[in-house]
Amino acid sequence: MKKTLYLKFIVAYVAFALAGFILISTLGSQLVQRHLVKTISEQIYREANAIASDSMVRYRAASYNLIHIYDNLSSLAVYQDAQIWMMNQRGEILIDTAQPQPCDTPLALDSFDPLTWGSSYYRTGNFFGYFPDSMLSVIAPITSDMTIKGYIAIHYPMESLYLEREQILAIIHTMFFFLFALSLLILLLFTFVVYRPLRKITIGAEEYSAGHLDYQIPVHSQDEMGYLANTLNYMSGELNNNGEYQRNFIANISHDFRSPLTSIKGYLEAIVDGTIDQESQGKYIQIVLNETARLEKLTESLLTLNNLDVKSRLMNLRAFDINKIIKNTAATFEGTCRNKRISIELILTGEQLYAYADMEQMQQVLYNLLDNAIKFSPNESSITIETTERNERILVSVKDRGTGISKENLPKIWNRFFKEDSSRGKDRKSTGLGLCIVKEIINAHNQNIDVISTEGVGSEFIFSLDKMR
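Residues numbered from 1 in each chain as written. Predicted model: local features only at pLDDT ≥ 70, side-chain atom pairs only at ≥ 80, totals over all residues. Heavy atoms only, no water.

1. Remarks on the pattern of salt bridges
Link 1 in the chain: Across all of its chains, the model carries eight salt bridges by this definition.
Link 2 in the chain: Between Glu360 and Arg318 there is a salt bridge, with its nearest N and O atoms 2.9 Å apart. Here the residue Glu360 occupies a position in helix H9 (residues 359-375), and Arg318 occupies one in strand E7 (residues 317-321), the gap between them amounting to 42 residues. (Salt bridge = Lys/Arg side-chain N within 4 Å of Asp/Glu carboxyl O. Helix = DSSP H or I, 4+ residues; strand = E, 2+ residues; numbered from the N terminus.)

Here it is, written out as structure tokens:
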């Protein structure tokens, strides 16, 4: 079995892990950095505004008396892990917390112009070419009497922001790998719940395709896989039974055809080569005619079964008088009954009793049941046919006082070509298909047929019909 499905699942699983890792490392890194920039810039901008709004800072900026605020800004810069500047209105640096003391000579910045920032309150870069490395910078104006006296600038190193970003990503990566490891349980669950049962089912399908229909798929779970395995096991069993039935069917039909053909061939060859004299030919020609009639009856029975096996065949359902059909069917056996001195007793409900079914098929059922009853009844016996009504249904009973059927053979009488050795085997005209045809017709009408039989006492067949409403 090719493991393409399992391999595809593994490849998809690994591809998902790699895609997730790459996505976190790229897009996730950008999103984290953007969030940190926004958060830190807002924080230090609020701090810059707070410093710029302090009255002492406004006074010192105006008087250039800076020594007293240097210590405060230096402490705040250490706390913020940032670099704080105090600048005059011309953009010259008066205090730089990175320096050990206030600048004796203000340091001018080339091309300093806070108007270039527009509406943005922060900017990343080297802050007008001053820093060698990238910084996150914010500025807040120091105003007094509606006039800008200077600026407070806070610079946060981007290296520190990158370090913080990597720490957050490290936590995210750790959680990702932890969840990925937990998700291996899904792969394990897939292996035991889906892949292994599916593999067993595939092996079973291969066994069936090789003709081993008795193979049973060893999947016993209560989920869809178990249901599928049970369905395939049932299907294979039915196919195996059907194959066995077909083999038996061919063997039986071959036997039933071969016996009369052998007799016909033997007698005809004997007549042709003169082994049978002319005076005796009439006797053996009659035997040949009987065997021919047997072949004809067998062929007709097979054609009837073939028609019943076609599920798409539509039945001609209509109302008819079942009592009349019984009377007509019994009349067709008058000659046979006279020869065996068998009487047929009819116990019918009412003058007319209308059933709803396929009349021709019901005639076939009655004919086969009555034919069997006469065939296996001794001379000078009686057969009773009775109709009764019960719960909007009609029950028809055909009862004989014949040889009966043994208990072990009773379930087999509906099988095709079955003949009970003790009685039916003596009748060379029997095809073993009569009761099978009866069962097929009754089942096609969604009705039931039962048999009660005792050896040496007789048999009674009872079947139901829908009553016309």
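2. A few points about the sheet that holds strand E3 (residues 107-108)
Link 1 in the chain: An order of E3-E2-E1-E6-E5-E4 is seen for the six strands of this open sheet, with the pairing classed as antiparallel. If you trace the sheet from one side to the other, it starts and ends with E3 and strand E4 (122-125), each paired once.
Link 2 in the chain: Both strand E2 (residues 92-96) and E3 contribute to a ladder of two bridges, which runs antiparallel. From the neighbouring strand, Glu92 faces E3, where its bridge partner is Ala108.
Link 3 in the chain: Packing of helix H1 (residues 4-53) onto the sheet brings it into contact with strand E1 (83-88), E4, strand E5 (135-144) and strand E6 (147-157), and relative to E5 it is tilted by some 25°.
Link 4 in the chain: Helix H3 (residues 67-80) rests against E1, E2 and E6 of the sheet, and its axis sits at about 140° to E1. (Pairing = 2+ DSSP bridges. Contact = heavy atoms within 4.5 Å. Axes fitted to C-alpha atoms, helices over the stretch in contact; angles between N-to-C directions.)

3. With respect to the environment of Ile374
Link 1 in the chain: Along the chain, the position of Ile374 falls in helix H9.
Link 2 in the chain: Residues within four places of Ile374 in sequence aside, it is in contact with Phe333, Thr336, Cys337, Lys340, Ile342 and Ile383.

4. Section: the packing of H1 against H3
Link 1 in the chain: At a minimum axis distance of 12 Å, the contact between H1 and H3 shows a crossing angle of 170°. Between H1 and H3, the interaxial angle falls into the category roughly antiparallel. Along its contact with H1, which presents Gln43, Ile44, Glu47 and Ile51, the element H3 presents Leu73, Leu76 and Gln80.
Link 2 in the chain: Within the contact of H1 with H3, the residues separate by chemical class into four nonpolar, two polar and one charged. (Parallel < 35°, antiparallel > 145°, perpendicular 65-115°, else oblique. Nonpolar A, V, L, I, M, F, W, Y, C, P; charged D, E, K, R; others polar.)

5. Comments concerning the confidence of the model for the protein chain
Link 1 in the chain: Scored by pLDDT, the protein chain comes out at a mean of 81, with 86% of its residues at no less than 70.
Link 2 in the chain: Per-element averaging of pLDDT across the protein chain places helix H2 (residues 55-63) at the bottom with 63 and strand E11 (residues 393-400) at the top with 93.
Link 3 in the chain: This model gives residues 421-428 a pLDDT under 50, and the stretch forms 13 contacts once residues within four places in sequence are excluded. (pLDDT = per-residue confidence, 0-100.)

6. A closer look at H3
Link 1 in the chain: Its 14 residues place the ends of H3 21 Å apart at the C-alpha level, agreeing with the 20 Å of an ideal helix rising 1.5 Å per residue.
Link 2 in the chain: Within H3, burial applies to Ile69, Tyr70, Leu73, Ser74, Leu76, Ala77 and Gln80.
Link 3 in the chain: Positioned one or two residues after H3, Asp81 has a phi angle of 55°, which is positive. (Expected span 1.5 Å × (residues − 1). Buried < 20%, exposed > 50% of the residue type's maximum accessible area, 1.4 Å probe, protein only.)

7. What about the environment of Trp414?
Link 1 in the chain: Structurally, Trp414 is set in the loop between E11 and helix H10 (434-444).
Link 2 in the chain: Trp414 gets classed as buried once you look at its relative accessible area, which sits at 16%.
Link 3 in the chain: Setting aside chain neighbours within four positions, we find Trp414 in contact with Leu435, Cys436, Lys439, Ile449, Val451 and Phe461.

8. With respect to the nonpolar core
Link 1 in the chain: If you look at the biggest cluster of nonpolar residues, it comprises 37 residues, and the most contacted ones within it are Ile322, Met362, Phe463 and Leu465.
Link 2 in the chain: Contributions of two or more residues to this core are made by helix H7 (322-332), strand E9 (354-358), H9, strand E10 (382-390), E11, H10, strand E12 (449-454) and strand E13 (458-467).
Link 3 in the chain: When residues no more than four places from it in sequence are discounted, the contact partners of Phe463 are Met362, Val365, Leu366, Leu369, Ile394, Leu395, Val396, Ile442, Asn448 and Ile449.
Link 4 in the chain: Counting 30 residues, the second-largest nonpolar core is a separate cluster that includes Ile69, Ala77, Ala140 and Phe176. (Core = buried A, V, L, I, M, F, W, Y, C linked by side-chain atoms within 4.5 Å.)

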